[in-house]
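Fold and contact review
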Amino acid sequence: MSRKKYKKKAIDFKIFLIAFLVMAVIFSIISYGSVRVQIRENEERLKENTIMIATSYTHTLSKADKARVIINELMNERLKAAGDYAALFEGNHDNQTLNNLTKVLGVDVIYSYNDQGEVIHSSSGEFIGWTAYEGHPVNRFLTGDQESIVEDIRKDSETGIFYKYAYFRAEDNTFVQVGIYANKIQDFLKSFEIQKLIDEINMDGLIVEACFIDNENTVIASSDNDIIGQKVVDEKIIKAIETDREYGAKIDFKGEEMYQVFLPVYMESAKIGTLSVGQSTERNKEIISEIIIEGILSFLGFILVLGFILFFTYAKNSKQLKLAYYDSLTGLPNREYLKDFLIHKIHGDKNVKKAILMINCSDFKNVNLTYGYAHGDSILREITRRLEQILKPTDMLFRFSADRFILYVEKYQNRKNIETLIAKINDKFKKPFNVTEKSQHINIRIGVLEIEDGISSVDEILKEVSITLDYTDENNERNHAYFDYYMEDNVNREDLIEREMRRILAEGSDEVYLEFQPQISAIDNSIVGFEALARLKTDRLGRISPEEFIIVAERKFIIVELGNHIFKKACIFLKKLNERGFEKIKLSVNISGIQLLRHDFIDTIIDITERTGVKTSSIVLEITETIILENYEIINEKLKMLVDHGFNISLDDFGTGYSNFSRLSELSIQEVKIDRYFVSRITTLSKEKLITGDIISMAHKLDLRVVAEGVEDSIQLDYLREHECDVLQGYYFGKPVDSQKALEIIEKSRR
């Protein structure tokens, strides 16, 4: 079929010339302003860069505190492990055995006490017969009821040496004391000396001078040895130091201009001094000169380009027209051409059968991301070539969008002819596309719309054929579908659900409501929380499943408003729990990824908690693995902020999103919720084939609480308890109920 021709449009030369002059003047003004802005920005950048360098090293000075915390935790773990191991020798302690244990366990001392607090055996052979007196830490443990305890580092009352001790009690009230010599960490902490840090800063080629000033305004470390020990005399600097504020200025240092900043340094919330860093401005001056030259060259280049465009305007007129109606990559008519073409066909011969086939290349975006856009473009050109091989003279092929083609056919007899054509299309896609030395298979879906008399607009045609694609499956033998009005009915139902939800949210009615399912402690069967589950029931549509209305809310971009509405209702229920004295009960609320990615999400939910009077620490926000996988860096930063505000974070449907435990350890969460799929398999598979217990174990090693949902029978319950799952949820304990019933259930559990 011949392609429609379009009349070329002439361009008025005078109008273009006026536009050229106006644009030249505007660009000159913009260029001048841009140069001025860039110069100011570059000076600000110098300041910010100097401050950034100084700030980064003030943080480094605080690492010693963090190191002490980490080392203390490691020492705690070693002491606990040593205590557990020593307990295995209960009743078999003697001096030599304890001495051997110190070497095996990597500790320094072990003392064995009788139930009167008297040392009866010692790894060193010393202090046999020593008895703990009242007020001594050993006596406090003896008279207490704790099974074990780990102390902070303290001075030994007998030797005066600093140790970190732990105590472990046996059933007969005898106990062992295990200690680690605390001075072993001192060598490690020497790596944080101030002068060493100053020398490290000075290794940066742009840093001219760096020094550290103590709280007495004396330089105690510097890259310039001549000023060590000198007092700061500049009044502005002294004032900045005394008021603990950031200060910066350009100064002359030994004949060289530099920008110097002063920043206070804190350790354990106490100021320990001020760090000064000076950066040379010589490179900054060079950059300013380059900016001015680039501005002049850009202006001249702009004038030349505009002149070139004016000179070749008429020669490019036809090319402009082609760009408007043809795809530059494949050479096929584009969407605009298709619209004009279909308008002509709709009003054409009514006795001729007509149809369009929308061919969608599935996951073509992944092809581009995996192999590059050049590879993807080559495949599109090859697809075009193969499809053109099967065209009849009456057929017309269009490139509709990035990964979709439309084939127009007419004068066919029945659907059997279309099926034959589809078979030919599928045959063309069976062979791999060998382009750029890479072999690639492309799956397709085909939506078919037969153009009938009732269709009156191009938009209607394109809408209906696009709807049809949603009812196809490239993995099925029948990868195509014909438009039927029931498909449109589904679209219309979605529209009704959308309008109902918008009405409900506008009116604030209770047609969107919550049900609550209890969460049970696996240890004592007490209720430790509830999960809030959204429900929708309207007079017009009846009860609508969450799987349906949540998807509609996301597609129609009302999920944020709906999510806030649900969160507010959940907080109101939590307030009722608190008023009845259940302040330790936690409430889990599902959060959509779209909500979480909103810039105002955190402010919104904090505002709701404040207005309803509930604590953020009582709320568990449940998010799915797929959200994190798609936006890991952004989501994790949001989660850290939520945790800082006191919220608990739970990873919902865990195990279905292909998370790995190494990444999970970096995630700001406190809880994982094992997907019901893994719980249901407990009943059907042998224990050897189950991985549910492994998931629980790995999560515990990451210090995460584990919740199992979908618990429905005693077999699952026993297995989960055996593997020390923390919290259980499912029909075995109770179905979701309304708020009043939930309150009755928890009141009954208290009685």
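Before going into details, it helps to say that this report is about the structure given with it. (Residues numbered from 1 in each chain as written. Predicted model: local features only at pLDDT ≥ 70, side-chain atom pairs only at ≥ 80, totals over all residues. Heavy atoms only, no water.)

**Here's the deal with the pattern of salt bridges**
Spelled out, the test is: We define a salt bridge as a contact between a side-chain nitrogen of Lys or Arg and a carboxyl oxygen of Asp or Glu at a distance within 4 Å. Secondary structure elements follow DSSP: runs of H or I no shorter than four residues count as helices, runs of E no shorter than two count as strands, and numbering proceeds from the N terminus. The classification of residues rests on relative accessible area computed with a 1.4 Å probe and restricted to protein chains. Under 20% of the type maximum is buried, over 50% is exposed, and intermediate values are partly exposed.
The tally for this structure, following the rule as stated, stands at 24 salt bridges. When the shortest N-O distance is used, the salt bridge between Glu548 and Arg493 registers 2.7 Å. Here Glu548, found in helix 16 (residues 546–555), pairs with Arg493, found in helix 15 (residues 485–507); they are 55 residues apart in sequence, far enough to count as distant. Looking at Glu548, the relative accessible area reads 27%, which means it is partly exposed. Across the salt bridge formed by Arg676 and Glu709, the nearest N and O atoms sit 3.9 Å from each other. Note that Arg676 is positioned in helix 23 (residues 676–684) and Glu709 in strand 26 (residues 705–709), a separation of 33 residues in sequence. Under the relative-accessibility criterion, Arg676 is labelled partly exposed at 44%. If you follow the salt bridges from partner to partner, you end up with Glu500, Arg503, Glu507 and Glu511 in one network.

**A closer look at the layout of surface pockets**
Basically, it comes down to this: Site definitions follow a grid-based scheme: protein atoms alone, a 1 Å grid, a 1.4 Å probe that fits but cannot get out for cavities, and for pockets an open set with protein on both sides within 12 Å along at least five of seven lines, plus lining residues having an atom within 4 Å of a point. Grid points are joined across faces, edges and corners, and a volume is the space filled by probe spheres set on the points. Each residue is assigned to one of three groups, with Ala, Val, Leu, Ile, Met, Phe, Trp, Tyr, Cys and Pro labelled nonpolar, Asp, Glu, Lys and Arg labelled charged, and all others, Gly among them, labelled polar.
Volume-wise, the largest pocket comes out at about 960 Å³. Taken together, 37 residues make up the lining of the largest pocket; nearest its centre are Glu531, Leu533, Pro546, Ile550 and Asn590. Looking at side-chain class alone, the lining of the largest pocket contains 16 nonpolar, 11 polar and 10 charged residues.

**Here's the deal with the sheet that holds strand 8 (residues 219–222)**
To keep things clear, this is the line we draw: Strands were regarded as paired on the criterion that DSSP finds at least two bridges between them. Only the stretch in contact is used when fitting a helix axis, every axis being a line fitted to C-alpha atoms; angles between N-to-C directions are given from 0 to 180 degrees. We call two residues in contact when some of their heavy atoms are within 4.5 Å.
Pairing is antiparallel across the open sheet formed by five strands, whose spatial order is 8-7-11-10-9. Because the sheet does not close on itself, it has two edges, and the strands there are strand 8 and strand 9 (247–253). Geometrically, the sheet is characterised by an average inter-axis angle of 25° between neighbouring strands, direction not taken into account. Helix 6 (residues 194–202) contacts strand 7 (207–213), strand 8 and strand 11 (270–280) of the sheet and is inclined by roughly 165° relative to strand 7.

**Regarding the environment of Ser697**
Within the secondary structure layout, Ser697 lies in helix 24 (residues 692–701). The partly exposed category is assigned to Ser697, whose relative accessible area is 34%. Residues Ser697 and Glu724 lie 27 residues apart in sequence; the distance between their C-alpha atoms is 8.2 Å.

**Focus: unusual backbone geometry**
Unusually for a residue other than glycine, Phe127 sits at a positive phi of about 65°. On the accessibility criterion, Phe127 (27% relative accessible area) is partly exposed. Backbone geometry places Asn173, a non-glycine residue, at a positive phi of 75°. On the secondary structure map, Asn173 appears in the loop between strand 5 (162–169) and strand 6 (175–181).

**Description of helix 12 (residues 373–388)**
Going by this rule: To estimate the expected span of a helix, subtract one from its residue number and multiply by 1.5 Å.
Its 16 residues give helix 12 an end-to-end C-alpha distance of 23 Å, which sits within 8% of 22 Å, the value for a rise of 1.5 Å per residue. Restricting attention to buried positions, one finds in helix 12 the residues His375, Gly376, Ser378, Ile379, Leu380, Glu382, Ile383, Thr384, Arg386 and Leu387.

**Things to note about the pairing of strand 1 (residues 109–113)**
With five of five residues buried, strand 1 lies mostly within the body of the structure. Across the two faces of strand 1 the burial is the same, with Val109, Tyr111 and Tyr113 and Ile110 and Ser112 all buried. Both strand 1 and strand 6 contribute to a ladder of five bridges, which runs antiparallel. Considered in strand 6, the bridge of Val109 is made with Gly179. Note that strand 1 and strand 2 (residues 119–122) share three bridges and pair antiparallel. If you follow Tyr111 over to strand 2, its bridge partner there is Ser122. In sequence, strand 1 turns back onto strand 2 through a hairpin of five residues, with Gly117 there showing a positive phi of about 80°.

**A few points about empty space enclosed by the protein**
Empty space among the atoms becomes apparent when a probe as large as a water molecule is rolled across them. Tallying each qualifying case throughout the model produces one cavity of 30 Å³ or more. Surrounding the largest cavity, 14 residues form its lining, Tyr111, Tyr113, Trp130, Asp156 and Glu158 being those nearest its centre.

**Overview of the environment of Val435**
Within the fold, Val435 resides in strand 15 (residues 433–435). A relative accessible area of 10% places Val435 in the buried class. A sequence separation of 59 residues divides Val435 from Gly376, and the C-alpha atoms of the two residues are 9.1 Å apart. If near-sequence neighbours (up to four positions away) are discounted, Val435 is found in contact with His375, Ser378, Ile379 and Glu382.

**Some words on the packing of aromatic side chains**
The description of an aromatic ring pair uses the distance of the two centres, along with the angle that the planes make with each other. To be explicit about the condition: Stacked, edge-to-face and tilted are the three classes for Phe, Tyr and Trp ring pairs, Trp counted by its six-membered ring, which pair at centre distances within 6.5 Å; planes under 30 degrees apart are stacked, over 60 edge-to-face, the rest tilted. In this scheme, the term charge over a ring applies when either NZ of a lysine or CZ of an arginine sits within 6 Å of the ring centre and within 35 degrees of the ring normal.
Evaluated as defined, the whole model comprises 17 aromatic pairs. Each member of the aromatic cluster is reached from another via a ring pair, and the members are Tyr326, Tyr337, Phe341, Phe398 and Tyr408. In this arrangement the basic side chain of Arg169 is found over the ring face of Phe141, its NZ or CZ atom lying 4.4 Å from the centre. In this structure, Arg335 packs its charged tip against the face of Phe400, placed 4.1 Å from the ring centre.

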